[in-house]
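Inside the fold
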Amino acid sequence: MSRRRTCALVVSLLLLVLGGAGQARAVGYRYWSFWDLTGGKWTYATQGPSTARPSDGDVQGFRFAVSADSQDASKPRGHADFASICAKTPAQAGHKRVALVIDSGTAADAPGGETPPAPRTVCARVPADATTAEALATVAKPLRYDTNALLCAISGYPQTGCGDQVTTPRTPSPTTAKATSTSTSEPTRHGPSLGLLAGVVAVAALGGAAVWQTRRRRP
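So, a few notes on the structure that sits alongside this text. No experiment lies behind these values; they were computed from the predicted model shown. (Residues numbered from 1 in each chain as written. Predicted model: local features only at pLDDT ≥ 70, side-chain atom pairs only at ≥ 80, totals over all residues. Heavy atoms only, no water.)

Brief notes about the state of the cysteines
Threshold: Any two cysteine sulfur atoms within 2.5 Å of one another count as a disulfide. Labels follow the DSSP assignment, with helices taken as runs of H or I lasting at least four residues and strands as runs of E lasting at least two, numbered in each case from the N terminus. Categorising residues by exposure relies on relative accessible area from a 1.4 Å probe, with only protein chains included: less than 20% of the type maximum marks a residue as buried, more than 50% marks it as exposed, and the intermediate range marks it as partly exposed.
Taken as a whole, this structure holds 2 disulfides when the rule is applied. A disulfide bridge connects Cys86 with Cys123, and the sulfur atoms are separated by 2.1 Å. In this structure, the disulfide formed by Cys86 and Cys123 twists by about 100° around the S-S bond and is classed as right-handed. Of this pair, Cys86 sits in the loop between helix H2 (82–85) and strand S4 (95–103) while Cys123 sits in strand S5 (residues 120–127), and the two are 37 residues apart along the sequence. Residue Cys123 is classed as buried on the basis of its relative accessible area of 13%. Residue pairing for Cys152: its cysteine sulfur links by disulfide to Cys162, the two sulfurs lying 2.0 Å apart. The S-S bond linking Cys152 to Cys162 shows a torsion near -75°; that makes this disulfide left-handed.

Right, dumping it as structure tokens:
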């Protein structure tokens, strides 16, 4: 391997490592996620609200937030249980009662110019064969859907958009970083991460070894 080719290899590897440092942004989606309360814990629903058919006494939740996928999705906040939510809604023959938690999320997740309504709980009494979407429609109008039947808005929030893609920084905001630094009593660090520096050092060492091997092989 010639010295020129060796240098080109080192430069390419360095660019590859340094290029990874620029990928500090993650793609998420702003949408209403759908949850079931099982054993006192929220679990991401395995069906959509238009096909799920809850039973009498079930508790289901909706949370508006920015998340990448179901593993990253934010859960509805606050305490929720059927007895307290539906305490003032008596049972009725041929109907079921479904407790719903509607959490519009935080200002950080809100579309520009909109303020999320306060979280609320409500008891929906609907026919025994009703879906979650039908239960939601009785207590949280207006609902808005897109052409693919994706739930876009509950009680008119948000006013626009539907499952919009959002690019967010992976690193904490200055406020979050400051709070984290205060709580852990460690200074906030700036500049390249230790992993990046280690990668640069490793690539540089590889390049140095290659140059040394090239010189050694020369007569």
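Here's the deal with the environment of Leu150
Quick reminder of the rule: Pairs of residues are marked as contacts when any of their non-hydrogen atoms sit within 4.5 Å.
Within the secondary structure, Leu150 is located in the loop between strand S6 (144–145) and strand S7 (151–153). Using a relative accessible area of 37% as the deciding quantity, one classes Leu150 as partly exposed. Linking Leu150 and Tyr31, residues 119 residues apart in sequence, is a C-alpha distance of 9.3 Å. In this structure Leu150 touches Arg144, Tyr145, Cys162 and Gly163, once residues within four positions along its chain are discounted.

Quick look at the pattern of salt bridges
Applied cut-off: Salt bridges, as used here, are contacts in which a Lys or Arg side-chain nitrogen is within 4 Å of a carboxyl oxygen on Asp or Glu.
Taken as a whole and judged by the stated rule, the model has 3 salt bridges. The salt bridge involving Arg63 is made with Asp103; its shortest N-O contact spans 3.8 Å. On the criterion of sequence distance, the pair formed by Arg63 in strand S3 (residues 59–67) and Asp103 in strand S4 is long-range, its members being 40 residues apart. Of the two residues, Arg63 and Asp103, neither departs from the other in class, the shared state being buried. Through salt bridges with shared partners, one network takes in Arg63, Arg77 and Asp103.

Let's talk about the side chain of Ser67
In plain terms, the rule: Definition of a polar contact: a pair of N or O atoms within 3.5 Å, with one able to donate and the other able to accept a hydrogen when the atoms are protein atoms, and with sequence-neighbouring residues admitted only if both atoms are side-chain atoms.
As for its position among the elements, Ser67 is in strand S3. Reaching out from Ser67, the side chain makes a polar contact with the side chain of Tyr31 at a distance of 3.2 Å. Contacts of Ser67, omitting those with residues within four sequence positions, involve Gly28, Tyr29, Tyr31, Asp72 and Ala73.

Digging into the nonpolar core
Applied cut-off: The criterion is simple. A nonpolar core is a set of buried Ala, Val, Leu, Ile, Met, Phe, Trp, Tyr and Cys residues joined through side-chain atoms within 4.5 Å.
By size, the foremost hydrophobic cluster in this structure holds 20 residues, and its most contacted members are Trp32, Phe62, Leu100, Ile102, Leu136, Leu151 and Ile154. The set of elements that each furnish at least two residues to this core consists of strand S1 (25–38), S3, S4, S5 and helix H3 (132–139). The residues touching Leu151, leaving out its near neighbours within four places in the chain, are Trp32, Phe62, Leu136, Leu143, Arg144, Tyr145 and Cys162. Ranked by size, the runner-up nonpolar core spans 12 residues in total, among them Ala73, Ala80, Phe82 and Ala99.

A closer look at the packing of aromatic side chains
In this description, a pair of aromatic rings is defined by centroid distance and the angle of the planes. Put simply, the rule is: In summary, the pairing rule links any two rings of Phe, Tyr or Trp, Trp by its six-membered ring, whose centres are within 6.5 Å, and it sorts them by plane angle into stacked for under 30 degrees, edge-to-face for over 60 and tilted for everything else.
Counting across every chain of the model gives 4 aromatic pairs. With a centroid separation of 5.4 Å and an interplanar angle of 55°, the aromatic rings of Trp32 and Phe64 are classed as tilted. Linking Trp32 in strand S1 with Phe64 in strand S3, this pair joins segments that are 32 residues apart in sequence. Take Trp32: its relative accessible area is 6%, and that puts it in the buried class. The interplanar angle of 75° and the centroid separation of 5.2 Å between the aromatic rings of Trp35 and Tyr44 together place this pair among those described as edge-to-face. According to the relative accessible area criterion, Tyr44 is partly exposed, its value standing at 31%. A connected cluster of aromatic rings, assembled from ring pairs, spans Trp32, Phe64 and Tyr157.

What about the environment of Ala128?
When you line up the elements, Ala128 lands in the loop between S5 and H3. Residues Ala128 and Pro54, spaced 74 residues apart in sequence, show a C-alpha to C-alpha distance of 8.9 Å. Among all residues touching Ala128, those that are not within four sequence positions of it are Gly94, His95 and Lys96.

Quick word on H3
Given 3.6 residues per turn, any residue in an α-helix points the same way as the ones three and four places further on. Heads up, the rule is: The arc under discussion is defined with respect to the helix axis, by the directions toward the C-beta atoms.
Those residues of H3 not exposed but buried are Thr132, Ala133, Ala135 and Leu136. Taken down its axis, H3 places every buried residue within 160° of arc, on the same side.

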